[in-house]
Amino acid sequence: MQKIVSLAKRRGFVFPSSEIYGGFGSCYDFGPLGVEMKNNIKKAWWGEMTRKQNNIVGLDAAILMSPKVWQASGHLTAGFADELVECSKCHKRFKSDDVKNKCPKCGGSLAKPRKFNLMMKTFVGSVEDETSETFLRAETCQGIYVNFENVLNSMRLKIPFGIAQIGKAFRNEITPGNFIYRTREFEQMEMQWFCSPQQADKFFNYWKQQRMKWYLSLGIKKTNLRAREIPIRERAHYARRQVDIEYKFPFGWQEIEGVHNRGDYDLSNHAKHSGQDFKYEGYIPYIIETSGGADRSFLAFLVDAYGEVKGGRTKTTEATKETEILLKLYKTLAPIKIAVLPLVKNKPAIVKKAKEVYKLLKPYFTVQYDEVGSIGRRYRRQDEIGTLYALTIDFDSLKKNDLTLRDRDTMKQKRVKIKDLIPCLKKQLYPTA
Ligand code: GAP
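All values reported here derive from a predicted model rather than from experimental measurement.

Calculation rules
Positions within a chain are numbered from 1, following the residues in the order the chain's sequence is written. Note on the predicted model: pLDDT of at least 70 is required for a residue's local features to be given, and 80 or more for side-chain atom pairs to be given and counted; whole-chain, interface and lining totals, by contrast, use all residues. Hydrogens and water molecules were not included; the side-chain quantities draw on all heavy atoms of the structure. Relative accessibility decides the category of a residue: with a 1.4 Å probe and only protein chains considered, values under 20% of the type maximum give buried, values over 50% give exposed, and everything between is partly exposed. Helix and strand assignments follow DSSP, with helices taken as H or I runs no shorter than four residues and strands as E runs no shorter than two, numbered in order from the N terminus. A single heavy atom is enough: if one lies within 4 Å of a molecule or strand, its residue is considered near that molecule or strand. For this analysis, a polar contact is any N or O atom pair within 3.5 Å, provided that within protein one partner can donate a hydrogen and the other can accept it, and provided that sequence-adjacent residues contribute only side-chain to side-chain pairs. Here the Shrake-Rupley method, with its probe set to 1.4 Å, supplies the accessible areas, and only the displayed protein chains count as covering residues. Note that Gly is not counted as nonpolar here; it falls among the polar residues with everything else outside the nonpolar set of Ala, Val, Leu, Ile, Met, Phe, Trp, Tyr, Cys and Pro and the charged set of Asp, Glu, Lys and Arg. At least two bridges found by DSSP between two strands are what make those strands a pair. Geometry is summarised by axes, namely lines fitted to C-alpha atoms with helices restricted to the contacting stretch, and by angles between N-to-C directions that run from 0 to 180 degrees. Disulfide assignment relies on a single distance test, namely cysteine sulfur atoms paired within 2.5 Å. Expected span, for any helix, means 1.5 Å times one less than how many residues it has. Residue types Ala, Val, Leu, Ile, Met, Phe, Trp, Tyr and Cys, when buried and joined through side-chain atoms within 4.5 Å, form a set referred to as a nonpolar core. Should any heavy atoms of two residues lie within 4.5 Å, those residues are considered in contact. Less than a right angle of anticlockwise turn of the near helix away from the far helix marks a crossing as left-handed, whereas a clockwise turn marks it as right-handed. For patch detection, residues must exceed 30% relative accessible area and be free of salt bridges, and they are connected within 9 Å for like charges or within 5 Å for nonpolar side chains (Val, Leu, Ile, Met, Phe, Trp, Tyr). Any Lys or Arg side-chain nitrogen found within 4 Å of a carboxyl oxygen on Asp or Glu counts as a salt bridge.

Draft legend 1. Layout of helix H11 (residues 375-385). Along H11, the residues that are buried comprise Arg378, Tyr379, Arg380, Gln382, Asp383, Glu384 and Ile385. Once H11 finishes, Gly386 follows within two positions and takes phi at roughly 85°, a positive value.

Have a look at this one:
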């Protein structure tokens, strides 16, 4: 993990938040490459749900909602709380399961376990009293449930159908950690599938399979992914059935997405609390939910793609001594698709041509121009961030109007005419588009 964290910071994927003030509560910022990659993940998920799958529409609900939503959803009660013990001396709190009799920090005695709610409180308006109190959403799906009828009616949908949403969620996690794995502010990619009670089991199995397939289709190794049936005592408070999709991180198998059969729990509770009737053809629809984390899958994709080659892949004397890092990100996820490299920087004609190529490609792809250091070093810098193709402009390019295209994974090079470059790259990057 240390290597991943270091690469992420060094190469502009992820920075600790508020770093100049010593960081802040396990929050992180996505840097220039991180934001590109995270956007690529979200785009892949959105395309999967709203284009590839049938009968799913999108939504972007507000983060702030009426506190009544959280009353109805069960998030303000014991169902969404961690059991903690507090040290009587240093007042640090720990999960009951993680400690024995004494405080692990100062050795002080521990009080009886108490439930601490994970909702993040905030105030709306200028007066900070109980009437203005609400919460930052702890899961994005509640915004979908309260809009169930709006979406159904405005889009003239028929059950079964789904609503997809991507957005931030907040939890006052007691033990955040493992870099961006568990944070207090994170992004969810959730799809809620409304169906009849009779069809719930069938759709649960369908969505479980589809979600496993999605990770594999984006390059996650089969051996690093599994689906775990969650026993009743470990399930979320709303779940009748729960399967966690887990990834084998360096810190062990951990959940990256949950598939839940929420039954009629949510719509029944919102019907009860709001006085609305959510019945559809005589029944309250069941909900099958797929709930993934954009940050957690970001980490899984990064870890899965990371590789080191001892002694290096290239056989020049300079390179053979070093360990090369190769980030084999799947092509749609790689933050930079193409690097444009003049072979040397002291030949104005070569630099000029390279800059022309860079300008030509910029509107179509994410491209980096780099002229600093030896060509071998520049290739390695690009391999380290997962750039798919490196284009080198050399002396021959001046005569023949072409360049060499180097493949990140095979390191094979071929010459391509500059006039054929855009269709050639489009074909390699987006073969089915
Ligand atoms: N709506 C259902 C729901 O929120 P969850 O299992 O609590 O279910 C779903 O969360 C996904 O959200 C998780 O699988 C994970 O990817 C992401 N997630 C949850 N808590 C997180 C946290 N503290 N930090 C980062 N991601 C988190």
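Now, onward.
Draft legend 2. Molecular detail of the site of the ligand. Close to the ligand lie 22 residues, the nearest being Glu139, Thr183, Glu190, Glu255 and Glu289. Contacts to the ligand include Gln188, whose side-chain N or O atom sits 3.0 Å from an oxygen atom. Relative to its unbound accessible surface of 550 Å², the ligand loses 94% to contact with the protein. Looking at the shell around the ligand, the elements with two or more residues in it are strand S10 (185-195), strand S13 (252-263) and strand S14 (286-293). Here the shell around the ligand gets six residues from one element, more than from any other, and that element is S13. Residues belonging to the shell around the ligand are distributed by class as follows: five nonpolar, seven polar and 10 charged.

Draft legend 3. Region of the structure containing the sheet that holds strand S21 (residues 413-417). Pairing is mixed across the open sheet formed by five strands, whose spatial order is S18-S17-S19-S20-S21. Whereas interior strands pair on both sides, the edge strands pair on one side only; in this sheet they are strand S18 (367-369) and S21. Direction aside, neighbouring strands of the sheet carry axes that sit 25° apart on average. Bridging between strand S19 (residues 389-393) and strand S20 (residues 402-407) involves four bridges; their strand directions are antiparallel. The partner of Thr392 across the bridge, within S20, is Thr404.

Draft legend 4. Up close: the state of the cysteines. According to the stated counting rule, one finds zero disulfides in the structure shown. There is no disulfide at Cys90, and the cysteine sulfur nearest it, in Cys87, is 3.8 Å away. Assessed through its relative accessible area of 32%, Cys90 is described here as partly exposed.

Draft legend 5. Geometry of the sheet that holds strand S4 (residues 81-86). Sheet architecture is open: three strands sit in the order S5-S4-S6, paired in antiparallel fashion. A strand with exactly one partner marks an edge of an open sheet, and here the two such strands are strand S5 (93-95) and strand S6 (114-117). Between one strand axis and the next, the sheet turns through 55° on average, direction left out of account. Summarising the sheet, S4 and S5 pair through three bridges and their orientation is antiparallel. Residue pairing across strands places Glu86 opposite Arg93, the latter belonging to S5.

Draft legend 6. Looking closely at helix H6 (residues 200-217). Under the 1.5 Å per step criterion, the end-to-end length of H6 is 25 Å for 18 residues, consistent within 8% with the ideal 26 Å. Among all positions of H6, only Ala200, Phe203, Phe204, Trp207, Gln210, Arg211, Met212, Trp214 and Tyr215 are buried. At the exit of H6 stands Gly219, carrying a positive phi of roughly 95°.

Draft legend 7. Region of the structure containing the nonpolar core. Among the nonpolar cores identified, the biggest contains 75 residues, and Phe13, Ile338, Leu361 and Leu391 are the most heavily contacted of them. It is helix H8 (residues 294-305) that contributes the most residues to this core, eight residues altogether. Residues in contact with Leu391, not counting those within four places in the same chain, are Ile338, Ala339, Val340, Leu341, Val357, Leu361, Leu403, Thr404, Leu405, Leu421 and Leu425. Core analysis: the second largest hydrophobic core is formed by 21 residues, Leu59, Ile163, Ala271 and Tyr280 among them.

Draft legend 8. Fine view of the environment of Ala236. Its place among the elements puts Ala236 in the loop between strand S11 (225-229) and strand S12 (241-249). Ala236 sits 24 residues away from His260 along the chain, and the two C-alpha atoms are 8.7 Å apart.

Draft legend 9. How the structure looks around the packing of helix H2 (residues 32-52) against H6. It is the contact of H2 with H6, at a shortest axis distance of 12 Å, that shows an interaxial angle of 145°. As for how H2 packs across H6, the hand of that crossing is right-handed. The residues of H6 that touch H2, namely those facing Ile41, Ala44, Trp45, Glu48 and Met49, are Trp207, Gln210, Arg211 and Trp214. Residue composition of the contact of H2 with H6, by class: six nonpolar, one polar and two charged.

Draft legend 10. Examining unusual backbone geometry more closely. Cis geometry marks the peptide bond from Ile159 to Pro160; its omega dihedral reads 5°. Within the element layout of this structure, Pro160 appears in the loop between helix H5 (148-154) and strand S9 (161-170). Its identity is not glycine, yet Ser18 carries a phi of approximately 50°, on the positive side. Examined against the element boundaries, Ser18 turns out to sit in the loop between strand S1 (14-16) and strand S2 (28-30). Here Met411, not a glycine, exhibits a phi torsion of approximately 60°, which is positive. For Met411, the position within the fold is in the loop between S20 and S21.

Draft legend 11. Structural detail: a nonpolar patch on the surface. A surface patch of nonpolar side chains, about 240 Å² in accessible area, is lined by Leu343, Phe395 and Leu398. Relative to the elements of secondary structure, Leu398 occurs in helix H12 (residues 395-400).

Draft legend 12. Local environment of the pattern of salt bridges. Under the counting rule described, the total for this entry stands at 37 salt bridges. Asp295 is the salt-bridge partner of Lys38, the closest N and O atoms lying 3.2 Å from each other. Of this pair, Lys38 sits in helix H2 while Asp295 sits in helix H8; the two residues are 257 residues apart in sequence, bridging distant segments of the chain. Judged by relative accessible area, which is 6%, Asp295 ranks as buried. We note a salt bridge from Asp396 to Lys399, for which the minimum N-O separation is 3.6 Å. Of the two residues, Asp396 and Lys399 are both situated in helix H12; the distance of three residues between them amounts to about one turn of the helix.

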